[in-house]
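# Architecture and fold: a report
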Amino acid sequence: MSDCIFCKIIAGEIPSKKCYEDDEIIAFHDIHPVAPVHFLVVPKKHINSLMELEEADTPLVGRMLFKAQEIAKEQGCAEKGGRFILNAKKDGGQTIDHLHVHFIGGKTLGFKMC
Ligand code: AMP
Ligand code: ZN
């Protein structure tokens, strides 16, 4: 998608602090981290949000979660863990309309459902 920030990051048109990349996934540090560890795992395929997921994309989302926990461990969160977040569409607070998983860790987070 030509006007999508994450597609531009994937294409190398916008710089990012990459922490992982393969044929179908990229991960980079969030530009506005809310915790000592805060990165995003993003599919290279443009999918608007989890609400637009097709069944054929389910292995991709599984890999995104698997890579997220691997990277989280590399970033020092193996023992204490952290939070995996998927915001979807307006009511979910999604601001970038390209599917992504946040990982937030490196401190003990409070819990607020809404
Ligand atoms: P969401 O609210 O789930 O759509 O989250 C989008 C996230 O993308 C926010 O946490 C932003 O700080 C982050 N973000 C926006 N632009 C960039 C960028 N150029 N590089 C890295 N992270 C970004
Ligand atoms: Zn995109």
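Since this is a predicted model, take the numbers as computed values, not measurements.

Criteria and cut-off values
- Residues numbered from 1 in each chain as written.
- Chains lettered and ligands numbered in written order.
- Predicted model: local features only at pLDDT ≥ 70, side-chain atom pairs only at ≥ 80, totals over all residues.
- Heavy atoms only, no water.
- Helix = DSSP H or I, 4+ residues; strand = E, 2+ residues; numbered from the N terminus.
- Polar contact = N/O pair within 3.5 Å; in protein donor to acceptor, adjacent residues only side chain to side chain.
- Contact = heavy atoms within 4.5 Å.
- Near = heavy atom within 4 Å.
- Areas by Shrake-Rupley, 256 points an atom, 1.4 Å probe, with all protein chains shown as cover.
- Nonpolar A, V, L, I, M, F, W, Y, C, P; charged D, E, K, R; others polar.
- Buried < 20%, exposed > 50% of the residue type's maximum accessible area, 1.4 Å probe, protein only.
- Donors = N, O, S within 2.8 Å, 3.2 Å for Na, K, Ca; no water.
- Core = buried A, V, L, I, M, F, W, Y, C linked by side-chain atoms within 4.5 Å.
- Pairing = 2+ DSSP bridges.
- Axes fitted to C-alpha atoms, helices over the stretch in contact; angles between N-to-C directions.

### Re the side chain of Ser-49
With respect to the secondary-structure elements, Ser-49 resides in the loop between β3 (37–43) and α2 (58–77). Separated by 2.6 Å, the side chains of Ser-49 and Glu-52 make a polar contact. Excluding residues that lie within four positions of it along the chain, Ser-49 makes contacts with Ala-88, Lys-89, Gln-94 and Leu-99.

### Some thoughts on the site of ligand 1
Taken together, 15 residues sit near ligand 1, with Asp-30, Asn-87, Thr-95, His-100 and His-102 positioned nearest. Between an oxygen atom of ligand 1 and a side-chain N or O atom of His-100, the distance comes to 2.7 Å. Relative to its unbound accessible area of 510 Å², ligand 1 is 85% covered by the protein chains. Where the shell around ligand 1 is concerned, the elements lending two or more residues are α1 (5–10) and β2 (25–29). Here the residues of the shell around ligand 1 sort into six nonpolar, eight polar and one charged.

### Focus: α2
Of all the positions in α2, only Leu-60, Val-61, Met-64, Lys-67, Ala-68, Gln-69, Ile-71, Ala-72 and Cys-77 are classed as buried. At its buried positions, α2 is contacted by β1 (18–21), β2, β3, β4 (82–85) and β5 (101–105).

### Some words on the coordination of the zinc ion (ligand 2)
In a perfect tetrahedron of four donors around a metal, the angles come out at 109.5 degrees. In a perfect octahedron of six, they are 90 or 180 degrees. Every protein donor of the zinc ion (ligand 2) is listed here as Cys-4 (SG), Cys-7 (SG), His-46 (ND1) and His-98 (ND1), and their distances to the metal cover 2.1 to 2.3 Å. Of note, the zinc ion (ligand 2) draws all its donor residues from one chain, in the sequence arrangement C-x2-C-x38-H-x51-H. Residue Cys-7 is located in helix α1, and its partner His-98 is located in the loop between β4 and β5; the two are separated by 91 residues in the primary sequence. Comparing Cys-7 with His-98, the two get one shared label, buried.

### Focus on the nonpolar core
In this structure, Phe-39, Val-41, Met-64, Ile-71 and Phe-103 are the most contacted members of the largest nonpolar core, which totals 17 residues. Contributing elements (two or more residues each) for this core: β2, β3, α2 and β5. Considering every element that reaches this core, the biggest residue donor is α2, with seven residues. Setting aside anything within four residues of it in sequence, one finds Phe-39 in contact with Cys-19, Phe-28, His-29, Asp-30, Ala-68, Ile-71, Ala-72, Gln-75, Val-101, His-102 and Phe-103.

### Description of the sheet that holds β4
In space, the five strands of this open sheet follow the order β1-β2-β3-β5-β4, with antiparallel pairing throughout. A strand with exactly one partner marks an edge of an open sheet, and here the two such strands are β1 and β4. Ignoring which end each strand starts from, the neighbouring axes of this sheet average 15° apart. Bridge count between β2 and β3: five bridges; the pairing is antiparallel. Within β3, the residue paired with Ala-27 across the bridge is Val-41. Set on the sheet, α2 makes contact with β1, β2, β3, β4 and β5; between it and β3 the angle comes to about 155°.

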